[in-house]
Amino acid sequence: MTGGWLSVVRGGIAALGSCAAVGAARAETILGAPVSGQMGFLPANTVVQADIEWFHNDILLPVTIGISLLVLVLLAYVVYRFNEQANPVASRTAHNGPLEIAWTVVPALVLVVIAVPSFRLLSQQLIIPAPDMTLKVTASQWHWNYGYPKSDGGFSFDSLIKEDKDLKPGDIRLLSVDNAAYVPVGKIVEVDVVSQDVIHSFSVPSFGIKIDAVPGRLNKTWFKADHEGVFYGQCSNICGIDHAFMPIEVHVVSPDAYQAWLEGAKKQFANADGVDVAQTSLVRP
Ligand SMILES: [Cu+2]
């Protein structure tokens, strides 16, 4: 039943992507952005997010709908069969051994069915494979700072929301930023997340990542993007008055395009007044 929603969503996203391509302001296709009337998840761009979707659509939804329908049917039956007119003399039954065992064992089995894929998913998210690169993400009120490793030039830069007056064709209001993060496709990217002030949360739905940025603490997550494109996220922990205005924009590009971007970025951000990547892990003044 979820396939219908998903195909509608995918269709909308494909249309959006082609609009952006026609706009010629942006070479890459937008894949990870919400569209009007959308239901369901953004398109998955990592194995983890694909598994999250499977877990939600094929395990949790059937369980939720099945239990809701069962309870509804039982309630309707009780109302119909045991109302005062249909059943004037109430039963004095207080216990039913087999029934009580059944309503204890069956929910326990349902929990086991949920727990097995749930723990598998958790371990997939939490056990970080050997990374090809590390992206340092530092949250501040109210923008993100991206730091690249020494092997890639060792620079960092701030990424701020584009104001409405600065939007260009192909940009998305409230999601597009002045300086987006770039990562290569098919590479394992470890994301080290810290905060300079309050608790934020770094979340990119298409990658299946959402992790708190906590002052004085280094949190790690990872992703391996399967497809090139532009993917958006937002701060997902209420962090102050401009919480809604610190979007995340990640461009997943080919290794060659990534190298080309690195060359330009190294020069552009050589003197950027950004956060020192090496010193952000335990910072709390
Ligand atoms: Cu925030």
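Residues numbered from 1 in each chain as written. Predicted model: local features only at pLDDT ≥ 70, side-chain atom pairs only at ≥ 80, totals over all residues. Heavy atoms only, no water.

## Focus: the packing of aromatic side chains
No. 1: Counted by the stated rule, this structure contains 16 aromatic pairs.
No. 2: Centroid distance Trp144 to Phe202: 5.2 Å. Interplanar angle 80°. Geometry classified as edge-to-face. Placement of Trp144 in strand S3 (residues 143-147) and of Phe202 in strand S7 (residues 200-204) is noted, with a sequence separation of 58 residues between them.
No. 3: Taken together, a centroid distance of 6.2 Å and an interplanar angle of 25° make the contact between Tyr258 and Trp261 stacked. Taken as a pair, Tyr258 and Trp261 lie in helix H4 (residues 255-268) at a separation of three residues, close to a single helical turn. (Phe/Tyr/Trp six-rings, centres within 6.5 Å; stacked < 30°, edge-to-face > 60°. Helix = DSSP H or I, 4+ residues; strand = E, 2+ residues; numbered from the N terminus.)

## So, the confidence of the model for the chain
Caution applies to low-pLDDT parts of the model: their predicted coordinates are not meant to be read in detail.
No. 1: Mean pLDDT over the chain works out to 87, with 85% of the residues at or above the 70 mark.
No. 2: In this model, residues 1-25 is a region of pLDDT below 50 whose contacts with residues beyond four sequence positions or in other chains number 27 contacts.
No. 3: Ignoring residues within four places in sequence, the model shows residues 275-285, a span with pLDDT below 50, making 24 contacts including any to other chains. (pLDDT = per-residue confidence, 0-100. Contact = heavy atoms within 4.5 Å.)

## Details of the pattern of salt bridges
No. 1: Inspection of every chain in the model, using the stated rule, returns seven salt bridges.
No. 2: Its salt-bridge partner being Asp171, residue Lys162 comes within 2.8 Å of it at the nearest N-O pair.
No. 3: Taken together, the shared-partner salt bridges in this structure form one network comprising Glu163, Lys165 and Asp166. (Salt bridge = Lys/Arg side-chain N within 4 Å of Asp/Glu carboxyl O.)

## Description of the coordination of the copper ion
No. 1: On the protein side, the copper ion has His200 (ND1), Cys235 (SG), Cys239 (SG) and Met246 (SD) as donor atoms, found 2.0 to 2.7 Å from it.
No. 2: Within one chain, the residues serving as donors to the copper ion are arranged as H-x34-C-x3-C-x6-M. (Donors = N, O, S within 2.8 Å, 3.2 Å for Na, K, Ca; no water.)

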